[in-house]
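Observations on chain architecture
What follows is the residue order along each chain.
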Amino acid sequence: MPKFANESEEATAFLRKQTGSSQLVCYTYIDAENSLESFFIVKTSNKVIQVSFAEISYDPRNYQSLLEGLYRVIYE
């Protein structure tokens, strides 16, 4: 079955603030039953990046921790 990511205003705002890019847009798909199936898609002016939650080190009780982990995976 196809998975559809929805635009994430909070993740987009966080990444725009961190990178200074106003053209960046972040989408997310969250599978409540299996977090290994959850992922982000980050679209920049010249590329599209998909990052699985499994690739991110974060505190599962803290969404801000997840966003910070996403930033680290892509930009550090």
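Residues numbered from 1 in each chain as written. Predicted model: local features only at pLDDT ≥ 70, side-chain atom pairs only at ≥ 80, totals over all residues. Heavy atoms only, no water.

Brief notes about the nonpolar core
Looking at soluble globular proteins, one finds that nonpolar side chains tend to be buried together. Leu 15, Cys 26, Phe 40, Val 42 and Leu 70 are the most contacted members of the largest nonpolar core, which totals 16 residues. Contributing elements (two or more residues each) for this core: α1 (9–19), β3 (39–43), β4 (48–52) and α2 (63–75). Broken down by element, the residue count for this core peaks at five residues, all from α2. With sequence-adjacent residues up to four places away left out, Leu 15 is seen in contact with Gly 20, Leu 24, Cys 26, Val 42, Leu 70 and Tyr 71. (Core = buried A, V, L, I, M, F, W, Y, C linked by side-chain atoms within 4.5 Å. Buried < 20%, exposed > 50% of the residue type's maximum accessible area, 1.4 Å probe, protein only. Helix = DSSP H or I, 4+ residues; strand = E, 2+ residues; numbered from the N terminus. Contact = heavy atoms within 4.5 Å.)

A look at the pattern of salt bridges
Per the stated rule, a full pass over the model turns up one salt bridge. Residue Arg 61 pairs with Asp 59 through a salt bridge whose shortest N-O separation is 3.1 Å. Here Arg 61 falls in the exposed class, since its relative accessible area comes to 77%. Assessed through its relative accessible area of 27%, Asp 59 is described here as partly exposed. (Salt bridge = Lys/Arg side-chain N within 4 Å of Asp/Glu carboxyl O.)

Observations regarding the packing of aromatic side chains
Under the definition given, this model contains four aromatic pairs. With a centroid separation of 5.4 Å and 25° between ring planes, the pair formed by Tyr 29 and Phe 39 is classed as stacked. Residue Tyr 29 is found in strand β2 (residues 25–29), and its partner Phe 39 is found in strand β3; the two are separated by 10 residues along the sequence. For Tyr 29, a relative accessible area of 18% gives the class buried. Look at Phe 53 and Tyr 58: their rings are 6.2 Å apart centre to centre, the planes differ by 80°, and that puts the pair in the edge-to-face class. Look at Phe 53 and you get buried, because its relative accessible area is 7%. Residue Tyr 58 is classed as partly exposed on the basis of its relative accessible area, which comes to 27%. By the ring-pair criterion, three or more aromatic residues cluster together here, those being Phe 40, Phe 53 and Tyr 58. (Phe/Tyr/Trp six-rings, centres within 6.5 Å; stacked < 30°, edge-to-face > 60°.)

Let's talk about α1
All buried positions along α1 are accounted for by Ala 11, Thr 12, Phe 14 and Leu 15. For α1, the angular spread of buried residues about the axis comes to 165°, placing them on one side. Residues Glu 9 and Lys 17 are exposed on α1 and point more than 90 degrees away from its buried face. Residues of α1 that are buried make contact with β2, β3 and α2. Looking one or two places after α1, you find Gly 20, whose phi comes out positive at around 80°. (Arc of directions from axis to C-beta.)

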